[in-house]
Amino acid sequence: MKPSLEVLPLNSWIDTNGKPLIIAGPCSAETEEQLVETARQLSRLGTVHAIRAGVWKPRTRPGSFEGMGKEALPWIQRAKEETGLPFAVEVATPEHIELALKYGVDILWVGARTTVNPFNVQEIADALRGVDVPVLVKNPVNPDLALWIGAFERIAGAGITKLAAIHRGFSTGEASKYRNIPLWQMAIELKSTFPDLPIIGDPSHMAGKRAYLQELAQMAMDLNYDGLIVESHIDPDKAWSDAAQQLTPAAFGEMLEHLHIRNVDSPNVDFKGAMEQIRQKIDNVDRQLIEVLAARMALVEKLAEYKKENNVTIFQPDRWKEVHESRAKLGKKMGLYPELVEEIYKIIHMESIRKQTEVMNSNEQSA
Ligand code: PEP
Ligand code: MN
């Protein structure tokens, strides 16, 4: 069954005047003064459409700051009154949803540690039945697209149509300069599964450090994301959670000013014509690429038949070592990123082994 989702466009529930949706605010609501003052400064930028704050914080280890809970909800009411901006909060249980709505929270989000668990997501979906509220769903902590898709299906199944995804990066165990590796292709795959689903980038949780926010926010804009959610705090170094990745409202304003927002399309006819020509050339090159791949596989098939006749194993490590190294070197010489060529040859190698195994086994049966 091909997944499908009934999703309303972003501008049906928040007015961004055709611009990317900007949500900003502290990782956590800490004190009334910290929350209201951060919201005030952010709203003065004039470019923020909604304020965020964590009230209940899902922490990996106990003993870390777990959020102010219910006590912070009246502060949100004050921040809303003072700024006139809608407010977004993370919810992880039916009780959070009930309280958040009671205190006038406008937008709910499901955190990365909740999206990983279908039991929790289903509980949230059940609690949302009959409620008309926008719900943003962060990607699960681990790079499992099906979990992310499943969360949308459960929540949409409860009748929620004001939906958007938040891409905050993944924990893969691999070394990276980022706290959570973006794996941009995951979000792109989600978007191809649900083309109407808006995607919001969360450079803060991808980065983990202020220094990387700008480049990640720019990447999200270059991939045509529908918005950004960024952590901002009046005194980031003293923040009770995620101190290293938060920006002062002023620094956040500067970051936004430096963002280059490109157009998805251009009304310029010359541009369109030139782009169409280049695309046709790309289509031709792709055809050649696939033809060359098919020719290579045909040779592999022939080779497998010789190996079978001469009783030689499929996998010959020295040969493959030589293939990987020489191809990466050649690619580099031609200006290609060596890792690209290495990755492509890993896949070609896997397919080559699969094909040869198939040939050997079918030969065995016919012999
Ligand atoms: C947050 O937004 O502060 C948060 C806890 O994020 P995540 O669920 O992405 O870890
Ligand atoms: Mn945070």
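Above this note sits the structure.
So, a few notes on the structure that sits alongside this text. Bear in mind the structure is a predicted one, so any value in this text is a computation, not a measurement.

What follows covers the pairing of strand β8 (residues 227-231). Of all the five residues making up β8, five are buried; the element is thus mostly covered by neighbouring parts of the structure. Along β8, one buried face is formed by G227, I229 and E231 and the opposite face, lined by L228 and V230, is buried too. Sheet topology places strand β1 (residues 21-25) next to β8; five bridges connect them, and they run parallel. Paired with I23 across the strands is I229, a residue of β8. Summarising the sheet, strand β7 (residues 199-201) and β8 pair through two bridges and their orientation is parallel. For I200, the partnering residue across the bridge sits in β8 and is G227.

Before going further, it helps to spend a moment on the coordination of the manganese ion (ligand 2). The coordination sphere of the manganese ion (ligand 2) contains the protein donors C27 (SG), H205 (NE2), E231 (OE) and D242 (OD), at a distance range of 2.1 to 2.4 Å. Mapping the donors of the manganese ion (ligand 2) onto the primary sequence gives the spacing C-x177-H-x25-E-x10-D. Taken together, the residues span a long stretch of sequence, with C27 in the loop between β1 and α1 (32-45) and E231 in strand β8 at a distance of 204 residues.

What follows deals with helix α12 (residues 317-333). Between its terminal C-alpha atoms α12 stretches 24 Å, which fits the 24 Å expected from 17 residues at 1.5 Å a residue. Listing the buried residues of α12 in full gives W320, V323, A328 and G331. For α12, the angular spread of buried residues about the axis comes to 115°, placing them on one side. Exposed residues lying more than 90 degrees from the buried face of α12 are D318, K321, K329, K332 and K333. Where α12 terminates, the next one or two residues include G335, which has phi positive at roughly 85°.

With that settled, consider the nonpolar core. Ranked by size, the top nonpolar core spans 72 residues in total, and within it F152, I155, L190 and F252 carry the most contacts. With six residues, the single largest contributor to this core is helix α6 (residues 145-157). I14, I107, A164 and I200 belong to the second largest nonpolar core, which has 14 residues in total.

The next point concerns the site of ligand 1. Around ligand 1, a shell composed of C27, R52, K57, E90, W109, G111, A112, R113, K138, R168, H205 and E231 is seen. A distance of 2.8 Å separates an oxygen atom of ligand 1 from a polar side-chain atom of R52. Between ligand 1 and R168 there is a distance of 2.6 Å, counted from an oxygen atom to a side-chain nitrogen or oxygen. Compared with its free state, where it exposes 290 Å², ligand 1 has 97% of that area covered by protein. Looking at the shell around ligand 1, its residues break down into three nonpolar, two polar and seven charged.

Here we come to the pattern of salt bridges. Applying the stated rule across the entire model yields 21 salt bridges. Between R179 and D242 there is a salt bridge, and its shortest N-O distance comes to 3.1 Å. In this pair, R179 sits in the loop between β6 (163-167) and α7 (184-193) while D242 sits in the loop between β8 and α10 (249-258), placing the two residues 63 residues apart along the sequence. R179 sits in the partly exposed class, given a relative accessible area of 39%. Measuring nitrogen to oxygen at the nearest pair gives 2.8 Å for the salt bridge that ties R354 to E351. One end of the pair, R354, and the other, E351, are both in helix α13 (residues 338-366), three residues apart, so they sit about a helical turn from each other. The exposure class assigned to R354 is partly exposed, which follows from its relative accessible area of 42%.

Each value, and the rule that gives it
- Residues numbered from 1 in each chain as written.
- Chains lettered and ligands numbered in written order.
- Predicted model: local features only at pLDDT ≥ 70, side-chain atom pairs only at ≥ 80, totals over all residues.
- Heavy atoms only, no water.
- Buried < 20%, exposed > 50% of the residue type's maximum accessible area, 1.4 Å probe, protein only.
- Helix = DSSP H or I, 4+ residues; strand = E, 2+ residues; numbered from the N terminus.
- Pairing = 2+ DSSP bridges.
- Donors = N, O, S within 2.8 Å, 3.2 Å for Na, K, Ca; no water.
- Expected span 1.5 Å × (residues − 1).
- Arc of directions from axis to C-beta.
- Core = buried A, V, L, I, M, F, W, Y, C linked by side-chain atoms within 4.5 Å.
- Near = heavy atom within 4 Å.
- Polar contact = N/O pair within 3.5 Å; in protein donor to acceptor, adjacent residues only side chain to side chain.
- Areas by Shrake-Rupley, 256 points an atom, 1.4 Å probe, with all protein chains shown as cover.
- Nonpolar A, V, L, I, M, F, W, Y, C, P; charged D, E, K, R; others polar.
- Salt bridge = Lys/Arg side-chain N within 4 Å of Asp/Glu carboxyl O.

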